[in-house]
Amino acid sequence: MPADRSEALPAARRPHRLAGGQPGLLEPGASTDPYRLRLYRTLRTDFPLGYDPGLGAWLLSRYADVALALTDPRFTGYPHDGAPRGPVPAPLGLCRGSLVCTPLPGTGTAQALGSTPAPAAAVERAAYVLACRIAGRDQADLVAEFCRWLPAGLSFPKLNAPVGTGRGAADCARHTGLRERALASFLANMLDDPDLLAAVAGGAGPGAEAGTGMLLGRAWTETLRRDPPVQIVLRRTRTEVRVSGGTLPGGAPVACLIGAAGRDPARFAAPDRFDPLRADADPLLPGPAGCPAALLGRLEAEHGLRALLEAMPSIRWADGFRPASSGVLTRGPRALLVRPS
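Residues numbered from 1 in each chain as written. Predicted model: local features only at pLDDT ≥ 70, side-chain atom pairs only at ≥ 80, totals over all residues. Heavy atoms only, no water.

S.K.: So what exactly am I meant to see when it comes to the environment of Ile315 here?
M.R.: Position of Ile315 relative to the elements: it lies in the loop between α12 (292–311) and β9 (316–317). In the structure, Ile315 is positioned 26 residues away from Ser341 in sequence and 5.6 Å away in space, judged by C-alpha atoms. If we ignore the near neighbours within four places in the chain, the residues touching Ile315 are Leu142, Leu191, Leu309, Val338, Arg339 and Pro340. (Helix = DSSP H or I, 4+ residues; strand = E, 2+ residues; numbered from the N terminus. Contact = heavy atoms within 4.5 Å.)

And the structure:
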């Protein structure tokens, strides 16, 4: 295992160390790149259970511990106990943990978004219009000119039916910032792999299109594992809970480090590699499949990439550009500079 060379970095980019040497999650330098700075790796290996006073919570960074906190009934929502329950009883992926993730009256949320043609057609149309607007440019920033506008420009009035609390699925789907970050990370990963782009661009005909759709779905899931838009999910213990690094006290706030868990080598082979075809893909980290925001996010990723490739078959990174993400609470690329042709 390579040695931790964070001390060789400029002071502003070093992860701040708390008492005992534990990296501080919210201190200067931590949000630059918690992966490259080995902040997450240091927490997983040396401080699997530690208290972060800046965040006011105990940190869990290993996949097994994070999965336990997300699914075990000894953990509950934070700061309130009203978080939705079920296989994934916490906000995760693009889900904000709203009660609107429950099925709409008389129909499932998946039916409302996934089985009817209207949402997919609206996403496809909006993506194509945005792609055509930038197709003739010498250079374009996909974050500012595509990822930001595609989620924000969609509206589904039929999803406003009341659900228990008087809110509809639109209450969940209207918060577009996380979908913007997730879409940008997805596009960055795909543009980094010309072979994947060629496979998507070459998908034609009923059989090939179905295979391409499956590939895009796996690439989307892999993006949410490798580059989650939400890096931290807060939970609270109901009672004492034993985890790999020790024992959490009862009634304690717990920060589940999704970004660290998603790259835990104890769970994923070559965890830093973007591999849509990996055999150890995980169903937990992407979040609840029926969440309206999760369904819309996948539609935006799939139709967004197809639209870009249709309008700009030769799309590639601008000369000398490499995407860089930022943030430690939520995270995504700051810019995606491309040459459309």
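From this point, the discussion proceeds with the structure in view.
S.K.: Mind showing me how you'd approach the pairing of strand β2 (residues 57–60) here?
M.R.: For a regular strand, the rule is simple: side chains alternate between the two faces of the sheet. Bridge count for strand β1 (residues 49–52) against β2 is 4 bridges, and the pairing is antiparallel. Paired with Gly50 across the two strands is Leu59, which belongs to β2. Turn length for the β1-β2 hairpin, with the two strands adjacent in sequence and antiparallel, is 4 residues, and the turn residue Gly56 shows positive phi of about 70 degrees. In this sheet, strand β8 (residues 253–257) lies alongside β2 in parallel orientation, the contact comprising 3 bridges. Looking across to β8, one finds that Leu59 is bridged to Ala255. (Pairing = 2+ DSSP bridges.)

S.K.: Looking at this structure, I do not really get the sheet that holds strand β3 (residues 75–77). What am I missing?
M.R.: The strands making up a sheet are joined through hydrogen bonds of the backbone, oriented either antiparallel or parallel. One open sheet accounts for 5 strands, arranged β1-β2-β8-β5-β3; its pairing is mixed. The open sheet terminates on both sides in strands that have one partner only, identified here as β1 and β3. Averaged over all pairs of adjacent strands, the angle between their axes in this sheet comes to 40 degrees, without regard to strand direction. Sheet contacts for helix α2 (residues 63–71): β2, β3, β5 (232–237) and β8; angle to β8, the most-contacted strand, approximately 125 degrees. (Axes fitted to C-alpha atoms, helices over the stretch in contact; angles between N-to-C directions.)

S.K.: Whenever I open this one, the sheet that holds strand β4 (residues 140–141) confuses me. Can you help?
M.R.: Spatially, β4-β12-β9 is the arrangement adopted by the 3 strands of the open sheet, whose pairing is antiparallel. The strands lining the two open edges of the sheet, one partner per strand, are β4 and β9. Alignment of β9 against strand β12 (residues 337–339), held across 2 bridges, turns out to be antiparallel. Paired with Trp317 across the strands is Val338, a residue of β12.

Such coordinate-based values are descriptive only and should not be taken to indicate function.
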